[in-house]
Amino acid sequence: AQSVTQLDSQVPVFEEAPVELRCNYSSSVSVYLFWYVQYPNQGLQLLLKYLSGSTLVESINGFEAEFNKSQTSFHLRKPSVHISDTAEYFCAVSRGGSYIPTFGRGTSLIVHP
Amino acid sequence: KAGVTQTPRYLIKTRGQQVTLSCSPISGHRSVSWYQQTPGQGLQFLFEYFSETQRNKGNFPGRFSGRQFSNSRSEMNVSTLELGDSALYLCASSIDRGNTGELFFGEGSRLTVL
């Protein structure tokens, strides 16, 4: 069985500051890793994913995440956040053939002006 | 390409009633999953359907059921509603190729049970 831990339930930050949202997972097999974002009153949208290859993956809006196999982590980072980045962020992990990813509890990113 | 469509977006029911929620997946996606999202429990997996068959099931009571039609559209039903069933119900579809677990979510159906 796999599990996902998002260490921070809430992360407040000022606009233009850097941010890191932490995600650790446990799995005994190779995994696929995802970050989803949920804006208020909306569903989840895929932000970025690691399937294979380069351990550093990037999104189109400036977020990046690095797969660290030895530390079983997939932390999400952004060098400079905007007010519009305020949302709930979910880390998810799945294993090949599982079809069903396991989600973390989510981290609420709150960007203050 | 149209995204995942869920109806209704909002609904209010009273205890003891039943509710049916609908989900139309992205064209070509044959796998449909349902999740319950609440502030206290986060995202909880309900069930997953593929080719009209329930392929995976979460740990929910039998009051929660679902089905999938030949066009991949899916419905979920909750009978004998309880106050604790108040939640955002999310449907997600997957192309099911490569089995990566990548999901495409709808905007959800927010159920309030009074």
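Coordinates for the structure precede this section.
So, here is what we can say about the structure in this document. Since this is a predicted model, take the numbers as computed values, not measurements. (Residues numbered from 1 in each chain as written. Chains lettered and ligands numbered in written order. Predicted model: local features only at pLDDT ≥ 70, side-chain atom pairs only at ≥ 80, totals over all residues. Heavy atoms only, no water.)

**Some points on the overall build of chain B**
Alright, step 1. Of regular secondary structure, chain B possesses zero helices and eleven strands.
Alright, step 2. Counting helices and strands in the order they occur from the N terminus, chain B gives β-β-β-β-β-β-β-β-β-β-β.
Alright, step 3. For 114 residues, the compact-globule formula gives about 13 Å, and the C-alpha radius of gyration of chain B, at 13 Å, lands near that figure.
Alright, step 4. For chain B, the spread of C-alpha atoms along the three principal axes comes to 40 × 25 × 25 Å.
Alright, step 5. Per-residue burial for chain B yields a buried fraction of 51% across its 114 residues.
Alright, step 6. Pairs at least 24 residues apart make up 53% of the contacts formed inside chain B by residues separated by at least 6 positions.
Alright, step 7. Roughly 5,400 Å² of accessible area belongs to chain B as shown, and the carbon and sulfur atoms make up 47% of that amount.
Alright, step 8. Distance between charge centroids for chain B: 3 Å, based on 12 positive and 8 negative side chains. (Helix = DSSP H or I, 4+ residues; strand = E, 2+ residues; numbered from the N terminus. Rg over C-alpha atoms; globule rule 2.2 N^0.38 Å. Buried < 20%, exposed > 50% of the residue type's maximum accessible area, 1.4 Å probe, protein only. Contact = heavy atoms within 4.5 Å. Areas by Shrake-Rupley, 256 points an atom, 1.4 Å probe, with all protein chains shown as cover. Lys, Arg positive; Asp, Glu negative; His and termini not counted. Charge placed at Lys NZ, Arg CZ, Asp CG, Glu CD.)

**What to know about the nonpolar core**
Alright, step 1. Residues W35(A), L48(A), F74(A), L76(A) and Y89(A) are the most contacted members of the largest nonpolar core, which totals 27 residues.
Alright, step 2. For this core, the secondary structure elements donating two or more residues are β2 (10-14), β3 (19-21), β5 (31-38), β6 (44-50), β8 (64-68), β9 (73-78), β10 (87-95) and β12 (107-112) of chain A.
Alright, step 3. With residues up to four places along the chain from it excluded, the contact list for F74(A) reads C23(A), L33(A), F34(A), W35(A), L48(A), K49(A), Y50(A), V57(A), A65(A), E66(A) and F67(A).
Alright, step 4. Judged by nonpolar contacts, the second largest core, of 21 residues, contains L21(B), F47(B), Y89(B) and V113(B). (Core = buried A, V, L, I, M, F, W, Y, C linked by side-chain atoms within 4.5 Å.)

**Quick notes on the layout of surface pockets**
Alright, step 1. As a volume, the largest pocket reaches approximately 470 Å³.
Alright, step 2. Forming the boundary of the largest pocket are 22 residues, of which Q38(A), E88(A), Q37(B), P39(B) and R110(B) lie nearest the centre.
Alright, step 3. Elements that contribute at least two residues to the lining of the largest pocket include exactly β10 and β12 of chain A together with β4 (31-38), β9 (87-94) and β11 (109-113) of chain B.
Alright, step 4. For the lining of the largest pocket, a count of residues per class yields ten nonpolar, nine polar and three charged. (1 Å grid on protein atoms, 1.4 Å probe; cavity = no way out; pocket = protein on both sides within 12 Å on 5 of 7 lines; lining within 4 Å. Points joined across faces, edges and corners; volume = space filled by probe spheres on them. Nonpolar A, V, L, I, M, F, W, Y, C, P; charged D, E, K, R; others polar.)

**Topic: empty space enclosed by the protein**
Alright, step 1. One pass over the full model with this rule turns up one cavity of 30 Å³ or more.
Alright, step 2. Taken as a whole, the largest cavity spans an internal volume of roughly 40 Å³.
Alright, step 3. Lining the largest cavity we find N41(A), Q42(A), R9(B), Y10(B), L88(B), E107(B) and R110(B).
Alright, step 4. Across the lining of the largest cavity, the residue classes break down as two nonpolar, two polar and three charged.

**Some thoughts on the interface of chain A and chain B**
Alright, step 1. Across the contact, 22 residues belong to chain A and 26 residues belong to chain B.
Alright, step 2. Across the chain A to chain B interface the summed buried area is about 1,800 Å²; carbon plus sulfur atoms make up 54%.
Alright, step 3. Linking chain A with chain B are one salt bridge, by the criterion used here.
Alright, step 4. A salt bridge links K49(A) to E102(B); its shortest N-O distance comes to 2.7 Å.
Alright, step 5. Elements with a contribution of two residues or more to the side of chain A that touches chain B: β5, β6 and β10 of chain A.
Alright, step 6. The leading source of residues in the side of chain A that touches chain B is β5(A), at four residues.
Alright, step 7. For the side of chain A that touches chain B, the residue count by class is eleven nonpolar, eight polar and three charged. (Buried area = accessible area lost by both parts, 1.4 Å probe. Salt bridge = Lys/Arg side-chain N within 4 Å of Asp/Glu carboxyl O.)

**A closer look at the sheet that holds strand β7 (residues 64-68) of chain B**
Residue and element names in this part refer to chain B.
Alright, step 1. Taken in spatial order, the four strands line up as β1-β3-β8-β7 in an open sheet, and their pairing is antiparallel. The outermost strands of the open sheet, each flanked by one partner alone, are β1 (5-7) and β7. Averaged over all adjacent pairs, the angle separating strand axes in this sheet is 15°, with direction ignored.
Alright, step 2. Here β7 pairs with strand β8 (residues 74-78) via five bridges, running antiparallel. Bridging across to β8, F64 finds its partner in V78. (Pairing = 2+ DSSP bridges. Axes fitted to C-alpha atoms, helices over the stretch in contact; angles between N-to-C directions.)

**Observations regarding the pattern of salt bridges**
Alright, step 1. Tallied over the entire structure, the rule returns ten salt bridges over all chains.
Alright, step 2. Between K78(A) and D85(A) there is a salt bridge, with the nearest N and O atoms lying 2.8 Å from each other.
Alright, step 3. Taking the relative accessible area as the measure of exposure, D85(A) reaches 3% and is therefore buried.
Alright, step 4. Close ionic contact of R9(B) with E107(B) constitutes a salt bridge, the shortest N to O distance being 2.8 Å.

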